[in-house]
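Commentary on secondary and tertiary structure
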Amino acid sequence: MSTPVFKPVTHIIFDLDGTLLDTERIHKKTYTKIVNDCGKEFPDDLRIKILGKQEMDVANLIISTLQLDLTPEELLEKAHIEEEKELRHVKVMNGVEDLLEHFCQHKIPMAIATSSSEEGFRTKTNHLKNIFTVFHHVVTGSSDPEVKNGKPAPDIFNICASRFPGSPVNSEILVFEDSPNGVASALAAGMQVVMVPDLNLPKELTANATCVLDSLEDFCPEIFCLPPRDSSGSRSS
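Residues numbered from 1 in each chain as written. Predicted model: local features only at pLDDT ≥ 70, side-chain atom pairs only at ≥ 80, totals over all residues. Heavy atoms only, no water.

Here's the deal with the nonpolar core
Basically, it comes down to this: The term nonpolar core refers to a set of buried residues drawn from Ala, Val, Leu, Ile, Met, Phe, Trp, Tyr and Cys, joined through side-chain atoms within 4.5 Å. Burial classes: relative accessible area under 20% of the type maximum marks a residue as buried, over 50% as exposed, and values in between as partly exposed (1.4 Å probe, protein chains only). Secondary structure elements are defined from DSSP: runs of H or I of at least 4 residues count as helices, runs of E of at least 2 residues count as strands, and each element is numbered from the N terminus. It only takes one pair of heavy atoms within 4.5 Å for two residues to be counted as in contact.
With 33 residues, the main nonpolar core has Ile12, Phe14, Phe103, Phe132, Phe176, Phe219 and Phe224 as its most contacted residues. Of all the secondary structure elements, the ones that give two or more residues to this core are β1 (11-14), α5 (96-105), β2 (110-114), α7 (129-132) and β4 (173-177). Looking at this core element by element, the count peaks at 4 residues for α5. Not counting chain neighbours up to four residues away, the residues in contact with Phe219 comprise Leu99, Phe103, Leu174, Phe176, Val194, Leu213, Phe224 and Arg229.

Overview of helix α9 (residues 180-188)
Those residues of α9 that sit buried are Pro180, Asn181, Gly182, Val183, Ser185 and Ala186. Structurally, α9 contributes buried residues whose contacts are with α2 (44-50), α8 (155-162), β4 and β5 (192-195). Trailing α9 by a residue or two, Gly190 shows a phi angle of about 80 degrees, which is positive.

Considering the packing of helix α3 (residues 55-66) against helix α4 (residues 72-87)
Using the following cut-off: The angle between two axes is taken between their N-to-C directions and runs from 0 to 180 degrees, where each axis is a line fitted to C-alpha atoms and a helix contributes only its stretch in contact. Each angle gets one of four labels, with under 35 degrees taken as roughly parallel, over 145 as roughly antiparallel, 65 to 115 as roughly perpendicular, and the rest as oblique. In this scheme the handedness of a crossing depends on how the near helix is turned from the far one: anticlockwise by less than a right angle means left-handed, clockwise means right-handed. Residue type decides the class: Asp, Glu, Lys and Arg count as charged, Ala, Val, Leu, Ile, Met, Phe, Trp, Tyr, Cys and Pro as nonpolar, and the leftover types, Gly among them, as polar.
Where α3 meets α4, the axes come as close as 9 Å, and the angle between the chain directions of the two elements is 110 degrees. In terms of their interaxial angle, α3 and α4 are classed as roughly perpendicular. The two elements α3 and α4 cross, and the hand of that crossing is right-handed. Counting all contacts with α3, which are made through Glu55, Met56, Ala59, Asn60, Ile62 and Ile63, the residues of α4 involved are Pro72, Glu73, Leu75, Leu76 and His80. Considering only residue class, the contact of α3 with α4 consists of 7 nonpolar, 2 polar and 2 charged.

So far we have only geometry, and geometry alone does not tell us how the molecule works.
This is the structure we're talking about:
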């Protein structure tokens, strides 16, 4: 059998934006509009650099790179106003509900490590509470005082791991991410990473992930020694 098998895992951590929720297209549209209103262009390489970063880091990087006449607080306020309505109706990514249901059925502990603030997390997930009740805990990097450094630093994943009961070792935790910064963060924390990148992300920026998928629908739990999906009960799209 040619299916690769990686180190066994017992716990799961998910990123939020672009991994569980289809928010990245909204963020792209928002920052493009704000930058355009300032008379500048929002280049794709900058969009890739900010993926997965904490809110204040995103604002600082956009302002310094494009020399915008805005404070980070002003940029974030504009972004929040622009996005609030759309984020309240954001949908989950393909394959999310089935995969979460599978992990729940097999009692695999799950958590979320997001660079969003607590307020941002609530805005994005309040209409999806039935889905998000399955997570043991959520770490919101932009507002959690214990997260000193944002992705690609390992802080958020180390802290998220420490809040699981039983203190699992990091090497037994599998992370699901969409951004190069998130992948680097999880690897720095000593975890394996399944990357589900944006289709427009250059392929070389996915090279460090433990494995790369087009969609969560394609994830085979058994390659990480997790219980396999029940083919008779799994839905296909």
